[in-house]
Amino acid sequence: MNANVVRSGELEDQPTERPAAQEFDFLGIQFVNQELENFEYETKNIAASFEYAPNDNLKFFFDAVVTKQERRQDSSRVQGSGIAEAHDYWVPDVFETVDFGSLDGNEVGSIQAALIGTVGVNLEADDDDPNLRFSSDTGARITDTEVFRLGGEWQGDNLKVSVEISSANSDTISPKLDAQVNFVNPNAPLDALDADGNPTAATSNDNSVPLTYDLSGGSLTFGVAFDAPYAPTAADLLDPNNVMFDQVDISRSTVENSEDVFRTDFTYFLDDNIIGSIDFGYRYNKTKHTSISSSDRIGNFSKLIDSPNGSLFSELLVPGPSNFDDADGRELAFRNFLVIDPDRAFNDQVGTLAILEAALATHRAQQEALGFTFDSPVPTADLTPSLASSFAIEEETHALYAQANFEYEMIRGNFGVRYLTTDIASIGNNEVGGVVTEVVTPGDYSYTLPRLNVVADVTDDIVVRFSWGQDIRRPDFDIISTSVQYTTSENASVSLGNPGLEPEEVTSLDLSAEWYFAEAAVVSIGYFNKKRSNLFVTTLNSASIDANGKRDGNSSCVGGGIWNP
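Now for a quick tour of the structure. Just so it is clear, the model here is predicted, and its values are computed rather than measured. (Residues numbered from 1 in each chain as written. Predicted model: local features only at pLDDT ≥ 70, side-chain atom pairs only at ≥ 80, totals over all residues. Heavy atoms only, no water.)

In this section: the pairing of strand β13 (residues 211-214). When strand β10 (residues 110-119) meets β13, the two strands line up antiparallel, connected through 4 bridges. Paired with Thr118 across the bridge in β13 is Thr212. In this structure, β13 lies alongside strand β14 (residues 221-224), joined through 4 bridges in antiparallel fashion. Across the sheet, residue Tyr213 finds its bridge partner in β14, namely Phe222. Hairpin connection from β13 to β14: 6 residues lie between these consecutive antiparallel strands, with Gly217 at a positive phi of about 75°. (Pairing = 2+ DSSP bridges. Helix = DSSP H or I, 4+ residues; strand = E, 2+ residues; numbered from the N terminus.)

Given below as structure tokens:
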């Protein structure tokens, strides 16, 4: 007996529309997914230091650090798709009760849910579900960093001087290639064949595969139901002729950072004075940031006439990981499937892409020879850098500081002030109607930042500390980028950074007390307050609408918005 189900005001004919329906409501399985995430990290460092003191008052030094960091992704995924369309025809073998608990003191109730079962092949109900697809995700973040520092120190009777210059460069490349192939089961028919049994333009690039699942033990496990009708063999799953190219996503981003610094510091020592010394100095920083990124997708096909057979790129296909059960010892797992070779995709992204593009061209020629016609050329990857996400920032800062260090009886500490001024140049790209123009937008700001630190040794066992100061937090480079791409749509929004964005202002107060009541023992209590102002936020600047419902056509955009040329 099936439960009565009313849809659109009419009683549904369950035996026909939903033969898996029971006399009770239940939740069927919706999808199955087996994903193995694998990341590898490697860091190599070379460091060297040189120090020379020609006399007791003078010292020179040189330091160098070269670092190479690599984070590599080599992940795979097996996905059973179309299960939601097929599960209405397959009754689970075992159910479990899912209790939804209570809400605001009211019992929500419970329902039966699928726990163990099989979603088989029912060609009359659905001629290409459930189906299988295999994916490999390959990416990396490779960072090369170089830091060099050269300086010296001189110590006189009452004056200490230090001078230093340094240079740091960090370049990061992040290539990524994610590929997906669909499995075509040789033991199940394809859909939309012609009268002679040949594929047509409507034939899908996947077909039905019987799957079995087990959700017991808190884990989703699944695999091919090898004892079910139409089931492929393990050898079929590893045959390149049984996979079809579906899509590949390619991206590459490059970030270059550099910073050149000059600093000089002076300390003047005072004798027999509450103020024991005065520190003062000058800083100069020049920072550059360049970001370039590109991405594209080939595929997302759904039809056989668009998808090359794996035999055309078999040199790229390798068996996926077969050790998915190592983590929990599960018996049911997907151990036989093909993916694009992650090692090859990682080491030779260009060559891997070239083989896939050649397979697409060969497949297109084969289909045209069979009489199929196409409205678009053979797809190829376009890795032209994205103008809207490519930009450069140059930042130059001058800073002066002075600080007095004092001590009087039980009180010690320091107070000082720092003055800085920063000039920014945001170099972006504006694209209008396919014409790209480089735009340099300046920005600047200056701040005076005081600071006070006091420590009171109230007794031998009790220490009270107090600090107050003002500081800034500079905006990230991406939110002061002015690169933008204007479209022909008047309704399209654009995202634009603000080179005139000033730093967040931070005022901090810290008060604490410490009681050292025994050797290697302390009790402490503290109060901390931080106030941040001038926060970075994203604002929506909409164009004004007149009484007729039209946007303002004045390029000055007096009523709001950004002029789209």
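With that out of the way, let us pick up unusual backbone geometry. The omega torsion of the bond from Asp129 to Pro130 falls at -10°, within 30 degrees of zero and hence cis. The backbone of Asp104 shows a phi angle near 55°, a positive value even though the residue is not glycine. Here the phi dihedral of Glu409 falls at roughly 50°; this positive angle occurs in a residue that is not glycine. In this structure, Glu409 sits in the loop between β19 (391-408) and β20 (411-432).

Counting 40 residues, the largest nonpolar core has Leu132, Phe134, Phe245, Val248, Phe313 and Phe334 as its most contacted members. Excluding anything up to four places from it in sequence, Phe134 contacts Arg77, Val78, Ala179, Gln180, Val181, Phe183, Leu237, Val243, Phe334, Phe337, Leu338 and Val339. In this structure, Ala399, Ile424, Leu449 and Ile480 belong to the second largest nonpolar core, which totals 11 residues. (Core = buried A, V, L, I, M, F, W, Y, C linked by side-chain atoms within 4.5 Å. Buried < 20%, exposed > 50% of the residue type's maximum accessible area, 1.4 Å probe, protein only. Contact = heavy atoms within 4.5 Å.)

By the secondary structure assignment, Asp265 is in strand β15 (residues 243-269). Classification of Asp265 by relative accessible area gives buried; the value is 11%. At 3.1 Å, the side chain of Asp265 and the side chain of Arg263 are in polar contact. One polar contact links Asp265 to Tyr401, side chain to side chain, over a distance of 2.6 Å. (Polar contact = N/O pair within 3.5 Å; in protein donor to acceptor, adjacent residues only side chain to side chain.)

Another aspect to go through is helix α5 (residues 349-369). Look at α5: 31 Å from first C-alpha to last across 21 residues, which is about the 30 Å you get at 1.5 Å a residue. Listed as buried for α5 are Gln349, Gly351, Thr352, Leu353, Ile355, Leu356, Ala359, Leu360, His363, Arg364 and Gln367. A positive phi of about 105° marks Gly371, the residue just after α5. (Expected span 1.5 Å × (residues − 1).)

Mapped onto the elements of the fold, Glu256 is located in strand β15. Expressed as a C-alpha distance, the spacing of Glu256 and Ile292, which sit 36 residues apart in the sequence, is 8.9 Å.

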